[in-house]
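In case you want the letters, here they are:
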Amino acid sequence: MKISDTVVGAGFVTAGALIIAGTLNYPSLEGGHPGPSLFPRILGGMMAAFGGLISLKGLRTGDATQDVEWLLLHKSTGFINAVFVLVGVTAYILFVEKLGFLLMGALLLFVVMWRLKVPPLKALIVAVVFNTIVHFLFAKIMRVPLPLGLVWW
Amino acid sequence: MIDHIWTALVMLSSWNLMLTIAICSLYGLFVGAVPGLTATMAAALLVPFTFFMDPLPALVAIVTMEAMAIFAGDIPAALVRIPGTPSSAAYTDDSYELTKQGKAEMVLGVDVITSAIGGLMGALVLMTAAPLLAEVALKFTSFEYFWLAALGLSATVMIASTDPLKAGLALFVGLFFSTVGLDITLGYPRFTLGTTELLNGVDFIPAMIGLFGVSEILRNMGSSHLQYPITAVKAEKIFSGVAKTLWKYKANMVRSGAIGTFIGILPGAGADIAAWIAYAASKRFSKEPELFGKGAIEPIVDAGTANNACLAGDWVPALVFGIPGDSITAIVIGVLFMKGLRPGPMIFEQQPELVYAVYISFIIANILMVPFGYLAIKASGTALKVPRNILMPTILMFCIVGSFAINNSFFDVGLMLAMGILGYFFENNGIPVAPIVLGMVLGPIVEQNFMVSMIKSEWDLTQFFTRPTAAILGVMTIVTWLAPFTPAMMKRMRGGNASQ
């Protein structure tokens with residue numbers, strides 16, 4: 001997922017400008033001195049300046065060709081695996097309270113391992129055993145209130 | 001002092017601390033020996049467990065784990081030419097070349113002994129330098145603390161990175177994260193996006209787990225290596241001939257121990273930088289520099305000593321000033337705050353037994369490194385055989401549960417995921433992740449001391465240079481900022497002189 005420095009730098013210029021814009025309505029200290037806005041504004045300014053320099057450096061070295069890699073991302077196994085993990089963890093956050101940690105955790109483990117080409121039976125056994133150990137360690141020993149959901153253990 | 005040492009020894013001799021040391025040693029050795037898992041990631045994953053520990057076992061756990069992990073990183077470097085942690089990268093080629101020549105046992109023996117010696121040298125400097133610096137730090141005001149933190153941040157960008165512009169960007173991102181939440185002057189909510197969860201700021205622990213754990217997992221998912229072809233090692237032979245080699249390079253070890261500790265004391269520069277600098281110094285002063293990179297033992301002695309010596313050095317600014325020496329001590333500072341302890345000179349007066357216990361745990365960890373290191377080398381085949389496609393999902397599960405465990409909040413799991421994506425994107429685009437952590441830790445110190453100084457001095461900037469120590473630190477900071485421009489300026493001046 002390497003993109004050109006020109007684009008990365010431009011992204012940071014935008015981020016810096018947004019940070020400064022976000023502080024425009026912040027209150028001042030007595031005597032009109034800047035208060036909560038001072039530090040973020042300095043940071044926003046520095047971020048935009050450094051981003052601009054990286055963009056310029058990128059333009060000078062002509063690295064924009066790296067953006068072509070974006071068009072081939074759908075063929076990259078690493079990228080697809082990473083997306084799989086992101087979707088999996090998001091689904092975990094959304095459904096774990098309803099289904100419970102024991103079910104949802106094991107499901108997430110199984111799906112990710114299956115995607116990484118672990119044989120299904122092996123993946124299932126590892127997912128269930130490992131997830132039960134994690135549950136025991138955190139919920140029973142360290143008393144972390146992991147969601148119970150459908151499985152009351 | 002003797003009283004404090006005795007109290008610390010009594011505290012450390014409890015069975016649960018012994019068990020903590022043993023478990024964390026094995027954990028550190030495993031993480032270090034598996035390529036792709038770093039000591040910083042291991043520290044981040046350890047934090048949810050330290051949440052449930054007292055301060056002393058929490059600190060001892062991190063000390064032991066990091067010492068073991070940095071050594072264990074040498075094992076895959078020698079056996080499969082992949083450094084287990086970035087700290088072993090400098091001498092990976094030499095180690096692997098020697099392995100190809102049938103000298104794997106000798107390399108690993110030198111690795112374990114130099115790591116232990118380097119670690120002990122660093123611990124010695126920590127024990128002597130930290131209390132002395134703490135005396136000085138007691139006289140510091142907000143001006144000195146501001147400059148010291150600014151110097152730490154500048155060193156991170158200018159010294160500890162190959163691309164200062166990109167490291168700077170990462171640092172500003174970390175500093176920006178530190179501004180989220182209620183501000184210190186008026187208690188005004190900043191960048192909270194209307195959520196109550198962000199009123200107390202970006203939680204450090206899920207952020208660390210995301211930046212170092214999840215991003216590492218995402219990167220490993222793209223790796224085609226599921227298992228590595230490894231060379232069989234006869235562990236019982238690792239110590240034969242080591243004493244002779246080390247005696248030959250005794251001066252190198254002293255020099256590299258000093259380099260490593262000094263680099264450690266510099267805020268922001270960690271064990272990997274120490275190893276590279278020791279390697280460069282070794283080559284510069286070697287009688288056989290042409291052998292470097294082709295299977296020389298000399299750079300392994302030097303860099304192997306320096307990276308472990310650096311670890312204790314990193315704790316000096318962390319304990320004395322509350323300014324992290326590297327990304328692991330940044331996590332340590334987060335743990336101390338979590339435990340209600342404020343690192344700084346006062347900790348030496350209020351909790352001396354804790355400080356002494358940290359010193360002693362460094363010594364214990366480095367002594368234990370020899371037997372544990374032997375066992376790790378013996379079991380190295382097993383560690384390298386754990387398939388990545390099973391290891392990575394299980395680490396992911398620890399990341400999720402560890403992030404949740406701090407506040408029992410799914411918001412933190414989401415935060416961890418977002419930070420993981422950010423870390424993955426940054427690393428893929430050559431932007432280092434470590435400055436983000438340092439920015440998050442040092443941001444409040446910089447802002448608080450800056451605002452206090454400004455209000456105290458009625459917004460007179462010259463007051464930042466009126467106290468002698470503040471002025472020296474200020475000048476050092478400004479010189480660090482100008483460092484990248486110095487070669488160009490020198491060239492221009494020389495050109496000007498020549499034309500005259």
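Residues numbered from 1 in each chain as written. Chains lettered and ligands numbered in written order. Predicted model: local features only at pLDDT ≥ 70, side-chain atom pairs only at ≥ 80, totals over all residues.

A word on the domain arrangement of chain A
Logical step 1: What the domain assignment reports for chain A is domain 1 (5–70) and domain 2 (76–141).
Logical step 2: Relative placement of domain 1 of chain A and domain 2 of chain A: their C-alpha centres are 38 Å apart. (Domains from an automatic or database assignment.)

A look at helix α20 (residues 410–428) of chain B
Logical step 1: Over its 19 residues, α20(B) runs 27 Å from end to end, which matches the ideal 27 Å to within 8%, given 1.5 Å per residue.
Logical step 2: Within α20(B), the full set of buried residues consists of B:Asp412, B:Val413, B:Leu415, B:Met416, B:Leu417, B:Met419, B:Gly420, B:Leu422, B:Gly423, B:Tyr424 and B:Phe426.
Logical step 3: Looking at the buried positions of α20(B), the neighbouring elements they touch are α3 (77–99) of chain A together with α9 (164–179), α10 (204–221) and α19 (388–407) of chain B. (Helix = DSSP H or I, 4+ residues; strand = E, 2+ residues; numbered from the N terminus. Expected span 1.5 Å × (residues − 1). Buried ≥ 20, exposed ≤ 12 C-beta atoms within 10 Å, placed from the backbone. Contact = placed C-beta atoms within 7 Å.)

Details of the interface of chain B and chain A
Logical step 1: Facing 40 residues of chain B, the contacting portion of chain A comprises 46 residues.
Logical step 2: Mapped onto the side of chain B that touches chain A, the elements with two or more residues apiece are α9, α10, α19 and α20 of chain B.
Logical step 3: Top element by residues in the side of chain B that touches chain A is α19(B). It accounts for nine residues.
Logical step 4: For the side of chain B that touches chain A, the residue count by class is 26 nonpolar, ten polar and four charged. (Nonpolar A, V, L, I, M, F, W, Y, C, P; charged D, E, K, R; others polar.)

Regarding the nonpolar core
Most often, soluble globular proteins have nonpolar side chains that are buried together.
Logical step 1: Counting residues in each nonpolar core, the largest one holds 215 residues, and the members touching the most others are B:Ala42, B:Ile62, B:Met68, B:Ala149, B:Ala207, B:Met208 and B:Ala274.
Logical step 2: If you tally residues by element for this core, the top one is helix α7 (residues 104–137) of chain B, at 16 residues.
Logical step 3: Two domains share this core, each providing at least three of its residues, namely domain 1 (5–70) and domain 2 (76–141) of chain A.
Logical step 4: Not counting residues within four places of it along the chain, the set of residues in contact with B:Ile62 comprises B:Ala43, B:Leu46, B:Ile328 and B:Val332. (Core = buried A, V, L, I, M, F, W, Y, C linked by C-beta atoms within 7 Å.)

A word on unusual backbone geometry
Logical step 1: Of note, A:Lys117 is a non-glycine position whose phi angle comes to about 70 degrees, a positive value.
Logical step 2: Here A:Lys117 lies in the loop between α4 (101–115) and α5 (120–141).
Logical step 3: Of note in this structure, B:Trp459 is not a glycine but carries a positive phi near 60 degrees.
Logical step 4: Locating B:Trp459 in the fold gives a position in the loop between α21 (434–456) and α22 (468–482).
Logical step 5: The class for B:Trp459 is partly exposed, based on 13 C-beta atoms found within 10 Å.

Here we look at the environment of B:Ala104
Logical step 1: On the secondary structure map, B:Ala104 appears in helix α7.
Logical step 2: Expressed as a C-alpha distance, the spacing of B:Ala104 and B:Ile238, which sit 134 residues apart in the sequence, is 8.1 Å.

Comments concerning the packing of helix α4 (residues 55–72) of chain B against helix α14 (residues 298–321) of chain B
All names here are of chain B.
Logical step 1: Between α4 and α14, whose axes approach to 10 Å, the crossing angle comes to 165 degrees. Here α4 is positioned roughly antiparallel relative to α14, judged by the angle of their axes. Read as a crossing pair, α4 and α14 show a hand that is right-handed. Between α4 and α14, the residues in contact are Glu66, Ala67, Ile70 and Phe71 and Asn307, Asn308 and Leu311, respectively.
Logical step 2: Grouping the constituent residues of the contact of α4 with α14 by class yields four nonpolar, two polar and one charged. (Axes fitted to C-alpha atoms, helices over the stretch in contact; angles between N-to-C directions. Parallel < 35°, antiparallel > 145°, perpendicular 65-115°, else oblique. Left-handed = near helix turned anticlockwise from the far one by under 90°.)

Focus: α22(B)
Residues and elements named next belong to chain B.
Logical step 1: In this model α22 runs 21 Å from its N-terminal to its C-terminal C-alpha over 15 residues, within 8% of the 21 Å that 1.5 Å per residue would give.
Logical step 2: By the burial criterion, the buried members of α22 are Ala470, Leu473 and Thr477. The buried side chains of α22 occupy one side of the element, clustering within an arc of 70 degrees when seen end-on. Residues of α22 that are exposed and point over 90 degrees away from its buried face: Pro468, Val475 and Leu482. (Arc of directions from axis to C-beta.)

Quick notes on the packing of α4(B) against helix α17 (residues 352–378) of chain B
All names here are of chain B.
Logical step 1: Relative orientation of the contacting elements α4 and α17 amounts to 40 degrees, with a least axis distance of 9 Å. Once α4 is placed against α17, the crossing between them reads as right-handed. When α4 is examined against α17, the residues Pro55, Leu56, Leu59, Val60, Val63, Thr64, Ala67, Met68, Phe71 and Ala72 are found in contact with a partner set consisting of Leu354, Ala357, Val358, Ser361, Phe362, Ala365, Asn366, Met369, Phe372, Gly373 and Ala376.
Logical step 2: Split by residue class, the contact of α4 with α17 holds 17 nonpolar, four polar and no charged.

Quick notes on the confidence of the model for chain A
Logical step 1: Residues of chain A with pLDDT of at least 70 account for 89%, and the chain-wide mean is 87.
Logical step 2: Across chain A, element-level confidence peaks in helix α1 (residues 5–22) of chain A with a mean pLDDT of 95 and bottoms out in α3(A) with 89. (pLDDT = per-residue confidence, 0-100.)

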